[in-house]
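Fold and geometry: a report
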Amino acid sequence: YCSVFPNAKITTISRYPDAGQEIHKKPAGSVMVVAFEIDGQPFTALNGGPIFKFDEAVSFQIMCDTQGEVDYYWNALTKDGGQEGPCGWLKDKFGLSWQVVPSAIQRMMNDPDSARSAQVMNAVMKIASDMTTVFGGLVLVPMARRKIESTVTMRVKAVSIMILAGATLSTV
């Protein structure tokens, strides 16, 4: 993730020791935990192995202001085995769910004019049925695809632990 997001850095890498191999069954020196930051938000990635799987109950949302941002994050997170999903959702190569979202949608869905916010909700629902939709100059294409345009900051609060299912943490 540090290679995908600007202002990201690895702060600590902990490795499995020789001790306890009969329990953790990991080679001594292999990555156990990686602490990293994205835009100052701390995260801890634990190499829990393949028995721990992600599902859509936990996802990270990336609010994008431009088409270029949507394209960049979509392509970066689906490459090397990621999977596209509907309505701006995707799973990265580790199986973690992401929502790549035009920031304009949130503003429009919260419009004080209930008729206008209802129109936005109806348009969002149509995306799932394979229609291209435009939100304030930003285009959403079916299967979450790419279309908007500047710089994104990942706005994730309160979640700081991720278990990477079967991931090699040296690639975080």
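The structure under discussion appears in the preceding block.
Residues numbered from 1 in each chain as written. Predicted model: local features only at pLDDT ≥ 70, side-chain atom pairs only at ≥ 80, totals over all residues. Heavy atoms only, no water.

1. Observations regarding the pattern of salt bridges
The line we're drawing: Every case where a carboxyl oxygen of Asp or Glu lies within 4 Å of a side-chain nitrogen of Lys or Arg is listed as a salt bridge. In this description a helix means any DSSP run of H or I spanning at least four residues, a strand means any run of E spanning at least two, and both kinds are numbered starting from the N terminus. Partly exposed residues are those whose accessible area sits between 20% and 50% of the maximum for their type, while under 20% is buried and over 50% is exposed, using a 1.4 Å probe and protein chains only.
Following the criterion strictly, the structure yields two salt bridges and no others. A salt bridge links Lys91 to Glu56; its shortest N-O distance comes to 3.1 Å. Here Lys91 is found in strand S6 (residues 89–91), whereas its partner Glu56 is found in the loop between strand S3 (41–46) and strand S4 (59–64), with 35 residues between them in sequence. Judged by relative accessible area, which is 42%, Glu56 ranks as partly exposed. A salt bridge links Asp111 to Arg116, with the nearest nitrogen and oxygen atoms 3.0 Å apart.

2. Comments concerning the packing of aromatic side chains
Condition: What counts as a ring pair is set by centres within 6.5 Å for rings of Phe, Tyr and Trp (its six-membered ring), and what kind of pair is set by the plane angle: stacked under 30 degrees, edge-to-face over 60, tilted for all other angles.
Counted by the stated rule, this structure contains nine aromatic pairs. Plain terms: the ring middles of Tyr1 and Phe36 are 6.3 Å apart, the flat faces sit at 20° to each other, and that makes the pair stacked. One end of the pair, Tyr1, is in the segment before strand S1 (8–15); the other, Phe36, is in strand S2 (residues 31–38), with 35 residues separating them in the sequence. A residue is classified by how much of its surface remains accessible, and Tyr1, at 6% relative accessible area, is buried. Judged by centre distance (5.4 Å) and plane angle (15°), the ring pair of Phe36 and Phe43 falls under stacked. The pair Phe36 / Phe43 is uniform in exposure class, with both members buried. Taken together, Tyr1, Phe5, Phe36, Phe43, Phe60, Tyr72, Tyr73, Phe94 and Trp98 form an aromatic cluster joined through their ring pairs.

3. Side note on the sheet that holds S4
The test is simple: We treat two strands as partners when DSSP finds at least two bridges between them. Any two residues whose heavy atoms approach within 4.5 Å are treated as being in contact. Where helices are involved, their axes are fitted lines through C-alpha atoms of the stretch in contact, as for all axes, and angles between N-to-C directions lie from 0 to 180°.
The strand order across the open sheet built from four strands is S4-S7-S6-S5, with neighbouring strands paired in mixed fashion. Each end of this open sheet is capped by a strand with a single partner; those strands are S4 and strand S5 (83–84). Bridging between S5 and S6 involves two bridges; their strand directions are antiparallel. Bridge pairing links Gln83 to Lys91 in S6. Across the sheet, helix H2 (residues 67–78) touches S4, S5, S6 and strand S7 (97–102), and the angle it forms with S4 is around 150°.

4. A few points about the environment of Asp65
Our working rule: Counted as a polar contact is a pair of N or O atoms within 3.5 Å, where, for protein atoms, one must be capable of donating a hydrogen and the other of accepting one, and residues adjacent in sequence contribute only when both atoms are in side chains.
Residue position: Asp65 is located in the loop between S4 and H2. Given a relative accessible area of 41%, Asp65 falls into the partly exposed group. Along the chain, Asp65 and Ser103 lie 38 residues apart, while their C-alpha atoms are 5.6 Å from each other. Only 2.5 Å separates the side chain of Asp65 from the side chain of Ser103, close enough to count as a polar contact.

5. A closer look at unusual backbone geometry
Non-glycine residue Asn7 carries a positive phi angle of around 60°. Along the chain, Asn7 falls in the segment before S1. In this structure Asn7 comes out as exposed when scored by relative accessible area, which is 59%. For Asp39, which is not a glycine, the phi torsion comes out positive at approximately 50°. Tracing the backbone shows Asp39 in the loop between S2 and S3.

6. So, the nonpolar core
Threshold: Nonpolar cores were defined as sets of buried Ala, Val, Leu, Ile, Met, Phe, Trp, Tyr and Cys residues, with membership established by side-chain atoms within 4.5 Å.
Grouped together as the largest cluster of nonpolar side chains are 24 residues, with contacts concentrated most on Tyr1, Phe5, Phe36, Ile62, Leu77 and Trp98. Counting only elements with at least two residues in this core, the list comes to S2, S3, S4, H2 and S7. A total of five residues in this core trace back to one element, the largest contributor, which is H2.

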